[in-house]
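Chain by chain, the residues:
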Amino acid sequence: MTNIDIITAFVADEFLPGTDPAELPADYDLIATGVVDSLGLLKVIAWLEDRFDLAIDDLELEPESFRTVAAIDDFVARATQTVGVG
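These remarks concern the structure in this document. Quantities reported herein were computed from a predicted structural model and do not represent experimental measurements.

Definitions and limits used
- Every chain's residues receive numbers from 1 upward, in the order its sequence appears when written.
- Only residues with pLDDT of at least 70 are given local features in this predicted model, and only at 80 or more are side-chain atom pairs given and counted; all residues enter the totals for whole chains, interfaces and linings.
- The side-chain numbers reported here are obtained from all heavy atoms of the structure, hydrogens and water having been left aside.
- Secondary structure elements follow DSSP: runs of H or I of four or more residues count as helices, runs of E of two or more count as strands, with numbering from the N terminus.
- Atoms considered for the radius of gyration are the C-alpha atoms alone. The globule rule reads 2.2 Å times the number of residues to the power 0.38.
- The classification of residues rests on relative accessible area computed with a 1.4 Å probe and restricted to protein chains. Under 20% of the type maximum is buried, over 50% is exposed, and intermediate values are partly exposed.
- The contact criterion used is simple: two residues touch if any of their non-hydrogen atoms lie within 4.5 Å.
- Here, Shrake-Rupley sampling with a 1.4 Å probe gives the accessible areas, and only protein chains in the shown set may cover a residue.
- A residue counts as positive if it is Lys or Arg and as negative if it is Asp or Glu; His and the chain ends are not included.
- Charged groups are reduced to one reference atom each: NZ for lysine, CZ for arginine, CG for aspartic acid, CD for glutamic acid.
- Note on aromatic contacts: the rings of Phe and Tyr and the six-membered ring of Trp form a pair at centre separations within 6.5 Å, being stacked when their planes are under 30 degrees apart, edge-to-face when over 60 apart, and tilted otherwise.
- Both a distance and an angle decide whether a charge sits over a ring: NZ of Lys or CZ of Arg must be within 6 Å of the ring centre and within 35 degrees of the ring normal.
- Note on geometry: axes are lines fitted to C-alpha atoms, helical ones only across the stretch in contact, with angles between N-to-C directions running from 0 to 180 degrees.
- Oblique is the label for any angle not under 35 degrees, not over 145, and not in the 65 to 115 range, which are roughly parallel, roughly antiparallel and roughly perpendicular in turn.
- If you view the pair so one helix is near and one far, a crossing is left-handed when the near helix is turned anticlockwise from the far one by less than a right angle, and right-handed when it is turned clockwise.
- Asp, Glu, Lys and Arg are counted as charged, while Ala, Val, Leu, Ile, Met, Phe, Trp, Tyr, Cys and Pro are counted as nonpolar; the rest, among them Gly, fall into the polar class.
- A carboxyl oxygen of Asp or Glu within 4 Å of a side-chain nitrogen of Lys or Arg is what we treat as a salt bridge.

Once that is clear, we can look at the overall build of the protein chain. A count of helical and extended segments in the protein chain gives three helices and zero strands. Listing each helix as α and each strand as β along the protein chain from the N terminus yields α-α-α. Relative to its length of 86 residues, the protein chain is compact, with a C-alpha radius of gyration of 12 Å against a globular reference of 12 Å. Projected onto the principal axes, the alpha-carbon positions of the protein chain cover approximately 40 × 30 × 20 Å. Within the protein chain, the fraction of its 86 residues that count as buried is 35%. Restricting the contact set of the protein chain to residue pairs at least 6 apart, pairs at least 24 apart contribute 59%. With an accessible surface of roughly 5,200 Å², the protein chain has 53% of that area assigned to carbon and sulfur atoms. Averaging the positions of the 4 positive and the 18 negative side-chain charges in the protein chain gives two centres separated by 1 Å.

Here you go:
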């Protein structure tokens, strides 16, 4: 599974129960549609830290980074590159 598949499955399981992850487009706006609210965003961030072994700094937290599955995937890619640089 790719990271985007893993993220999509998590979002579908946690926020859209009963939805097939394959039915969730990577560009679907999770925030504007109310799928992920502020508390849900905290849940996503905690899961990302655990699943991808990231230490996410508050300064890195921009809503645009979590608006869609594709944006979350990009955020993870950037964060994992930063971790590897240290």
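Now that the structure has been shown, we can carry on.
The backbone of Asp53 sits at a positive phi, close to 55°, despite the residue not being glycine. Overall, the relative accessible area of 65% leaves Asp53 in the exposed class.

The subject of this paragraph is the packing of aromatic side chains. Within the structure shown, the criterion is met by four aromatic pairs. These aromatic residues form a ring-pair network of at least three members: Phe10, Phe15, Trp47 and Phe52. Over the ring of Phe52 we find Arg51; its NZ or CZ atom is 5.3 Å from the centre of that ring.

What follows covers the packing of helix H1 (residues 3-15) against helix H2 (residues 38-51). Between H1 and H2, whose axes approach to 12 Å, the crossing angle comes to 140°. As judged from the angle between their axes, H1 and H2 are oblique. Note that H1 runs across H2; the crossing there is right-handed. For the pair formed by H1 and H2, the contact residues are Ile6, Ile7, Phe10, Glu14 and Phe15 on the first element and Gly40, Lys43, Val44, Trp47 and Arg51 on the second. Partitioned by chemical class, the residues of the contact of H1 with H2 number six nonpolar, one polar and three charged.

According to the stated counting rule, one finds three salt bridges in the structure shown. Close ionic contact of Arg67 with Asp29 constitutes a salt bridge, the shortest N to O distance being 3.2 Å. Of this pair, Arg67 sits in the loop between H2 and helix H3 (69-85) while Asp29 sits in the loop between H1 and H2, and the two are 38 residues apart along the sequence. Residue classification places Arg67 among the partly exposed positions, given a relative accessible area of 22%. Among the ionic pairs, Glu64 bridges to Arg67, the shortest N-O distance being 3.1 Å. Through salt bridges with shared partners, a single ionic network connects Asp29, Glu64 and Arg67.

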